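Here are the chains, one letter per residue:
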Amino acid sequence: MKKSLTALVALFLLSSIGQAAPYYTGIGCNEEGTSCIAGKPSKRVLQWSSKGTVDEMGSRCEKFFDNLEQRQRVIGSQRAIDLKYKNFTFSWVAGDLDQNGHAKIRCSIELHSEIADVKIVGEKVKSLFWVCENENSGGICKNYESDCEALRQQTLKDPTVLDATIYRGASLLQGNICDVVAARFK
């Protein structure tokens with residue numbers, strides 16, 4: 001635990017030393033990709049976040065970063081990628097508790113692709129509507145939580161996907177919704 005926390009701190013200190021990928025490209029944009037007169041997103045920077053229990057994410061998002069690093073190594077063995085992490089935050093999600101009564105944790109980070117022709121984008125893979133917790137749930141159920149997780153796991157098998165997460169929502173006409181979103185290299 002102490003070793004992974006030390007590695008995490010070192011990773012962030014080293015990542016803040018060099019220049020990261022620009023946010024925007026175009027007329028009047030500086031090296032950071034800010035202060036643009038007319039710019040468009042470079043698609044080399046992705047705001048990525050994920051929410052889960054402390055068991056899934058780590059108490060300070062250590063497991064979140066370990067998963068990103070592991071996937072980066074796997075993808076890096078097949079193609080050239082170089083990611084830099086910036087602006088890491090984590091927070092406890094009020095009102096969203098796990099089975100033990102503990103608040104869930106949200107980990108957020110900016111992913112910067114350091115190779116100009118390697119883009120990283122967030123893409124919605126699929127939305128499932130009328131999602132219920134399980135087969136015993138009351139109400140209209142077209143999909144279940146297990147379907148959302150199965151879709152996320154299937155998405156992670158794609159060799160261009162760095163990470164995949166599930167975002168939840170609801171509407172009166174579509175019931176509970178789960179969106180599976182992937183951080184994908186292009």
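Given the structure is predicted, the values throughout are model-derived calculations rather than measurements.

Draft legend 1. Summary view of the environment of Cys141. Among the structural elements, Cys141 can be located in the loop between strand 7 (131–132) and strand 8 (143–144). When the C-alpha atoms of Cys141 and Asn176 are compared, they prove to be 9.2 Å apart, with 35 residues separating the residues in sequence. In contact with Cys141, not counting residues within four places along its chain, are Trp130 and Cys132.

Draft legend 2. Expanded view of the sheet that holds strand 6 (residues 120–128). Taken together, the three strands give an open sheet; going across it, the order is 6-10-9, and neighbouring strands pair in antiparallel fashion. Two strands in the sheet have a free side with no partner beyond their single neighbour: strand 6 and strand 9 (161–171). If you compare each strand with its neighbour and ignore which way they point, the axes differ by 25 degrees on average. By the bridge criterion, 10 bridges tie strand 9 to strand 10 (residues 175–185) in an arrangement that is antiparallel. If you follow Ala164 over to strand 10, its bridge partner there is Ala182. Packed onto the sheet, helix 3 (residues 62–76) meets strand 9 and strand 10 and runs at close to 130 degrees relative to strand 9. Across the sheet, helix 4 (residues 145–156) touches strand 6, strand 9 and strand 10, and the angle it forms with strand 9 is around 155 degrees.

Draft legend 3. Broad picture of the state of the cysteines. One pass over the full model with this rule turns up four disulfides. Linked covalently through their sulfurs, Cys61 and Cys107 form a disulfide whose S-S length is 1.9 Å. Residues Cys61 and Cys107 share a disulfide whose torsion about the S-S bond is about -95 degrees; that sign makes it left-handed. Here the residue Cys61 occupies a position in the loop between helix 2 (54–57) and helix 3, and Cys107 occupies one in strand 5 (residues 103–113), the gap between them amounting to 46 residues. The residues Cys61 and Cys107 share a single accessibility class, namely buried. Residue pairing for Cys132: its cysteine sulfur links by disulfide to Cys141, the two sulfurs lying 2.1 Å apart. Every disulfide takes its handedness from the sign of the S-S torsion; for Cys132 and Cys141 that torsion is -90 degrees, giving left-handed. Ordinal numbering of bonded cysteines along the chain defines a disulfide pattern of 1-2, 3-4, 5-6, 7-8.

Conventions we followed
Residues numbered from 1 in each chain as written. Predicted model: local features only at pLDDT ≥ 70, side-chain atom pairs only at ≥ 80, totals over all residues. Heavy atoms only, no water. Helix = DSSP H or I, 4+ residues; strand = E, 2+ residues; numbered from the N terminus. Contact = heavy atoms within 4.5 Å. Pairing = 2+ DSSP bridges. Axes fitted to C-alpha atoms, helices over the stretch in contact; angles between N-to-C directions. Disulfide = S-S within 2.5 Å. Buried < 20%, exposed > 50% of the residue type's maximum accessible area, 1.4 Å probe, protein only.

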